[in-house]
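If you want the building blocks of each chain, they are given just below.
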Amino acid sequence: MADEVILLDLWSSPFAMRVRIALAEKGIEYESKEEDLSNKSSLLLKMNPVHKQIPVLIHKGRPVCESLIIVQYIDEVWRDKSPLLPSHPCDRANARFWADFVDKKIYSTGKLVWATTGEVQEAAKKELIGCFNVLEGELGDKPYFGGDKFGFTDVSLIPFYSWFYAMETCGNFNIIEDCPKLVAWAKRCMERESVSKSLPDQYKIYCFLMGLKKKLDAK
Amino acid sequence: MAEVKLLATWPSPFYYRVVWALKSKGIAYEFIEEDLANKSPLLLQYNPVHKKIPVLIHGGKPICESMIILEYIEEIWPKNSLLPNDPYEKAVARFWIKFADDKSPEIWRVFRSVGEEQEKAAKDSLEMLKTIEEHALGEKKFFGGDKIGMVGIAFGQLAQWLQVIEDVTGVKLLEASEFPRLQRWINNFKQVPVINENLPDYDQMFAFFKGRRQMLLASK
């Protein structure tokens, strides 16, 4: 029932994209409520009083917060379809480790690439490529991080593909030159409807991020 | 049963998280002391990405990052469970575990800094303690229940390391009158046998961190 599952959402947030992908993978109907972070709804403040952030999944009236925690929750509640985490504890730990790596490194470094200039930007570009190369090492020759199946680590990382045009334009570089395997993996993920429907157009994201950048520069 | 080894350093609070989890489940393990100033080939082999401790090595396979290690331990040895079974309660527990991981470093910023930076770190630490007091701890004895679990273990550094930081820096953060629930939790937590029997010696910790702080200040 669609009214059982509500997502406090934001079209441009990579963290919200993770949840949209997971819901789509499982074929779960839900209501998306778009939030305006400059004017947070009373529902958001009630459902996530600690961080006041999206995404928040509201299932049968109860909130689940933090994107990767939401994805694991979705995987556990709707466990009969398209499992996102592997079954063996060792593989699960590995999937969590790499999703944690994405969380620790990709958002903050990627943001420096599109939001800054000069030396700071150059250092960020180098670090980003370094992180992507490490991820390529983990991917190896597998189609997905999870192996043959699209899974938890893939869900955690693929939303940042929506930032590629913005990062490449601002940083004046081509990610495919240094990270061909990663780009091939991203394109493979984009062939999945759950992903292509959850990620906004890269140019639209570029325009949005440039708007954010202006605001950041003004501060 | 496959061999369990734990690569770690004393007195890292992250090391103790894993010790508490293993001991609460009665799992025997071999402790391998690591020297972080001179990282061993073993550490570099088993945690090439972060080169950090703790690393759990089970049957020759490494698991890194303390809370990921705890989820692994919980899945391999489900006896004396540390996480709720219900997916929603589990999600709530994981929220607080993540909060502990993301915010606990604030108290270490107090330890490492001076002046304005230390004041800011102290302010952020107090915000963190306030959030725990108001939102995480109900009236139950431990986070979410009557026995300790993964959330309590995740916040474990507040039970001993925080006091060491306060005593070494002279910056008081946790006033019992302002944080009655948190103080009560600390008292209860430290009395649980598996915690009580596996806490680093306070005086040794004080001496160790005092020395560290002196070195930090000298280098500024």
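Structure report, in brief. (Residues numbered from 1 in each chain as written. Chains lettered and ligands numbered in written order. Predicted model: local features only at pLDDT ≥ 70, side-chain atom pairs only at ≥ 80, totals over all residues. Heavy atoms only, no water.)

Some thoughts on the sheet that holds strand S4 (residues 62-65) of chain A
Residue and element names in this part refer to chain A. Cut-off, in case you're wondering: Think of it this way: DSSP has to see at least two bridges between two strands before they count as a pair. Helical segments are the DSSP runs of H or I of at least four residues, strand segments are the runs of E of at least two, and each set is numbered from the N terminus. Note on geometry: axes are lines fitted to C-alpha atoms, helical ones only across the stretch in contact, with angles between N-to-C directions running from 0 to 180 degrees. A contact between two residues is defined here by any heavy atoms of the two lying within 4.5 Å.
Taken in spatial order, the 4 strands make up an open sheet running S2-S1-S3-S4, and their pairing is mixed. Both edges of this open sheet fall to strand S2 (31-34) and S4, since each of them pairs with a single strand only. Going from strand to strand, the sheet's axes swing by 25° on average, the running direction of each strand aside. Sheet topology places strand S3 (residues 56-59) next to S4; 4 bridges connect them, and they run antiparallel. The residue of S4 that forms the bridge with His59 is Arg62. Each of strand S1 (5-9) and S3 touches helix H1 (residues 14-25); the most contacted strand, S1, lies at about 155° to it.

Comments concerning the pairing of S3 of chain A
Strand residues, when the strand is regular, have side chains that alternate between the two faces of the sheet. Residues and elements named next belong to chain A. Under the convention used in this document: Relative accessibility thresholds used throughout: buried, under 20% of the residue-type maximum; exposed, over 50%; partly exposed, between the two (1.4 Å probe, protein chains only).
Alternating positions in S3 separate into two faces, Val56 and Ile58 on one and Leu57 and His59 on the other, with burial throughout. Two strands pair when backbone bridges link them, and S1 and S3 are joined in this way by 4 bridges, in the antiparallel orientation. Paired with Ile6 across the bridge in S3 is Ile58. Connecting S3 to the antiparallel partner S4 that follows it, the hairpin turn spans 2 residues, and Lys60 within it adopts a positive phi of roughly 50°.

Notes on the side chain of His59 of chain A
Here His59 of chain A shows up in strand S3. In this view, His59 of chain A contacts Glu4, Val5, Tyr73, Val77 and Trp78 of chain A; residues no more than four positions away in its chain are not counted.

So, the packing of helix H6 (residues 115-136) of chain B against helix H9 (residues 180-191) of chain B
Residues and elements named next belong to chain B. Rules: For classification, angles of less than 35 degrees are called roughly parallel, those exceeding 145 degrees roughly antiparallel, those between 65 and 115 degrees roughly perpendicular, and all remaining angles oblique. Amino acid classes used here: Ala, Val, Leu, Ile, Met, Phe, Trp, Tyr, Cys and Pro are nonpolar; Asp, Glu, Lys and Arg are charged; the rest, including Gly, are polar.
Running from N to C, H6 and H9 cross one another at 85°; their axes reach a closest spacing of 8 Å. With respect to each other, H6 and H9 are oriented roughly perpendicular. Facing H6, whose interface residues are Leu129, Ile132, Glu133 and Glu134, H9 presents Pro180, Arg181 and Leu182. For the contact of H6 with H9, a count of residues per class yields 4 nonpolar, no polar and 3 charged.

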